[in-house]
Amino acid sequence: RVVGIVWDRIEKAGAEGRTVTLKIKFADFRQITRAQSLARPVVDRDTLVQVARALLDALLPVEQGVRLIGVTLSGFAHEAESAQGQAELPLD
């Protein structure tokens with residue numbers, strides 16, 4: 001669901017970014033981010049899902065609960081596209 005919201009925003013803006021970032025906030029409010037930059041821009045939803053999922057899988061299993069997961073696409077091809085496509089949704 002989070003990736004779908006991000007992808008809808010990216011498609012609407014016609015943007016192409018190269019860096020996928022995953023942000024996780026845990027139950028104790030500690031948060032971490034993990035990112036992966038690709039050689040080419042992300043041009044389809046499946047690629048965004050695949051990269052975000054790989055970032056998440058590398059962190060599993062988590063010992064404590066997760067409060068929030070966010071996915072961001074950045075590193076846009078044109079400087080004029082300064083707004084990032086992102087979404088953060090609470091898990092409850």
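Here goes a summary of the coordinates provided.

**Some details on the environment of Ile5**
At step 1: Relative to the assigned elements, Ile5 resides in helix H1 (residues 2-13).
At step 2: Of the residues examined, Ile5 reaches a relative accessible area of 25% and is grouped as partly exposed.
At step 3: Residues Ile5 and Val71, spaced 66 residues apart in sequence, show a C-alpha to C-alpha distance of 9.5 Å.

**Observations regarding the pattern of salt bridges**
At step 1: Considering all chains together, one arrives at one salt bridge under this definition.
At step 2: Taking the shortest distance from any N to any O, the salt bridge between Asp57 and Arg53 comes out at 2.9 Å. You can see Asp57 and its partner Arg53 sitting in helix H2 (residues 45-57), four residues apart, about one turn around the helix.

**What to know about the pairing of strand S1 (residues 17-26)**
At step 1: When you tally the buried positions in S1, you get seven out of ten residues, the bulk of the element.
At step 2: Pairing of S1 with strand S3 (residues 66-76) involves nine bridges; the strand directions are antiparallel. When the sheet's bridge partners are listed, Val20 is paired in S3 with Leu73.
At step 3: In this structure, S1 lies alongside strand S2 (residues 31-37), joined through seven bridges in antiparallel fashion. Directly across from Ile24, in S2, lies its bridge partner Ile32.
At step 4: If you look at the hairpin formed by S1 and S2, you'll find four residues sitting between the two strands, and Phe29 has a positive phi there, around 70°.

Procedures and definitions
Residues numbered from 1 in each chain as written. Predicted model: local features only at pLDDT ≥ 70, side-chain atom pairs only at ≥ 80, totals over all residues. Heavy atoms only, no water. Helix = DSSP H or I, 4+ residues; strand = E, 2+ residues; numbered from the N terminus. Buried < 20%, exposed > 50% of the residue type's maximum accessible area, 1.4 Å probe, protein only. Salt bridge = Lys/Arg side-chain N within 4 Å of Asp/Glu carboxyl O. Pairing = 2+ DSSP bridges.

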